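# Structure assessment
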Amino acid sequence: MGSKFFEKIFNKNIEKDVIFTIDSEHGSGALEIAKIIGKKLNIEVYDEDIIELKTLESKIDPDKVTKDDSFLKGTVYDLYRKNYSYSQEDMLENDAIFLAHSKTIRYLASKGPCVFIGKCSNYVLREKEKTFDIFITADCETRIDRIIKREEVSRERALSLIERMDVRRSNHYKRYAGGLWGKASEYDMTINSSKFTYEEVADIIIKSSQTANI
């Protein structure tokens, strides 16, 4: 009876309007997993590089982001106003860039279902319906092995890259989302990609999004 119950749930028609946001530890395979999700659901995948490119293509100039821009209402700028001076002159360059990226993320999300990787997209889209927020982790040794193979570097270099990238992502999330990067309560789902193939992780995420209360 139990197996039939879960089979019935997991064989439901895939929701077409879910937006996936993914944060991840460096070397956990997030981009590969996101691409599989995108292919299976026939939806776009936007990693950090693509979001930055889309921002440039849309001619959103960080230097011209002001405290009066309508897109800032209800976004990370509210956090900015609580923690930093409200004057336009005090807005730091990195903050302006982040706000420009946030505008791009919101625009892309308005076009339909997709997958976002990084850029605090779970926070930026926190008020949007039907988002499914995922954090992907992996065992340290697995991550080291993946980086060695992908980057063709030594073990020491791989470990250094992992530590540096994870610190950068953690600091970025803390500053702009005001939360703890990787903490389970920040996301709808946390999964260890060391325990499954990338395809299996993608399937688990898709199936979980179908049954989640979002």
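Not measured: the values here are computed from a predicted model.

## A closer look at the packing of helix 5 (residues 93–110) against helix 8 (residues 155–177)
Contact geometry of helix 5 with helix 8 gives a least axis separation of 12 Å together with a crossing angle of 80 degrees. Looking at the two axes, helix 5 sits roughly perpendicular to helix 8. For the pair helix 5 and helix 8, contact is made by N94, D95 and F98 and by H172, R175 and Y176, respectively.

## Details of unusual backbone geometry
Non-glycine residue N42 carries a positive phi angle of around 55 degrees. Positionally, N42 belongs in the loop between helix 2 (30–41) and strand 2 (44–46). The backbone phi angle of K119 is positive, close to 60 degrees, even though this residue is not glycine. Relative to the helices and strands, K119 is located in the loop between strand 3 (114–117) and helix 6 (121–124). Overall, the relative accessible area of 9% leaves K119 in the buried class.

## Comments concerning the packing of aromatic side chains
A full pass over the atoms with the stated rule returns six aromatic pairs. Aromatic pair F135 and W181: ring centres 5.2 Å apart, planes at 80 degrees, arrangement edge-to-face. Here W181 lies in the loop between helix 8 and strand 5 (189–192) and F135 lies in strand 4 (residues 131–137), a separation of 46 residues in the sequence. Accessibility classification places F135 together with W181 in one group, the buried group. When the centroid spacing of 5.3 Å and the interplanar angle of 45 degrees are considered together, the rings of F135 and Y187 count as tilted. A residue pair is termed long-range when its members are at least 10 positions apart, and F135 in strand 4 and Y187 in the loop between helix 8 and strand 5 qualify at 52 residues. When sorted by exposure, F135 lands in the same class as Y187, which is buried. Among the aromatic residues, those joined into a ring-pair cluster are F135, Y173, W181 and Y187. In this structure, R126 packs its charged tip against the face of Y123, placed 4.2 Å from the ring centre.

## Points about the nonpolar core
Counting residues in hydrophobic clusters, the biggest one holds 21 residues, and the most contacted among them are F20, I22, I37, V115, I134 and I205. Secondary structure elements with two or more residues in this core: strand 1 (19–24), helix 2, strand 3, strand 4, strand 5 and helix 9 (198–211). Per-element accounting of this core gives the leading share, five residues, to helix 2. Not counting the four nearest positions on each side in its chain, V115 is found in contact with F20, I22, A34, I37, I43, E44, V45 and Y46. The next biggest cluster of nonpolar side chains, apart from the first, holds 19 residues, and it includes I19, Y46, Y123 and Y187.

Rules of the game
- For every chain, the first residue of its written sequence is number 1, and the numbers climb from 1 along that sequence.
- Only residues with pLDDT of 70 or above have their local features reported here, since the model is predicted, and side-chain atom pairs are shown and tallied only from 80 upward, although totals for entire chains, interfaces and linings are computed over all residues.
- The basis for every side-chain value is the complete set of heavy atoms in the structure, and neither hydrogens nor water enter the calculation.
- As a rule, the C-alpha atoms of each element are fitted with a line to give its axis, helices using only the stretch in contact, and angles between N-to-C directions run from 0 to 180 degrees.
- Helical segments are the DSSP runs of H or I of at least four residues, strand segments are the runs of E of at least two, and each set is numbered from the N terminus.
- Any angle from 65 to 115 degrees is called roughly perpendicular, while one under 35 is roughly parallel, one over 145 is roughly antiparallel, and all others are oblique.
- Any two residues having at least one pair of non-hydrogen atoms within 4.5 Å are treated as being in contact.
- Relative accessibility under 20% of the residue-type maximum defines a buried residue, over 50% an exposed one, and the middle range a partly exposed one, all with a 1.4 Å probe and only protein chains included.
- For Phe, Tyr and Trp, rings pair up if their centres lie within 6.5 Å, where Trp contributes its six-membered ring, and each pair is then called stacked (planes under 30 degrees apart), edge-to-face (over 60) or tilted (otherwise).
- Put simply, a charge is over a ring when the Lys NZ or the Arg CZ is close to the ring centre, within 6 Å, and near the line of the ring normal, within 35 degrees.
- Remark: nonpolar core denotes a set of buried residues (Ala, Val, Leu, Ile, Met, Phe, Trp, Tyr, Cys) joined through side-chain atoms within 4.5 Å.

Just geometry here; none of it tells us what the structure is for.
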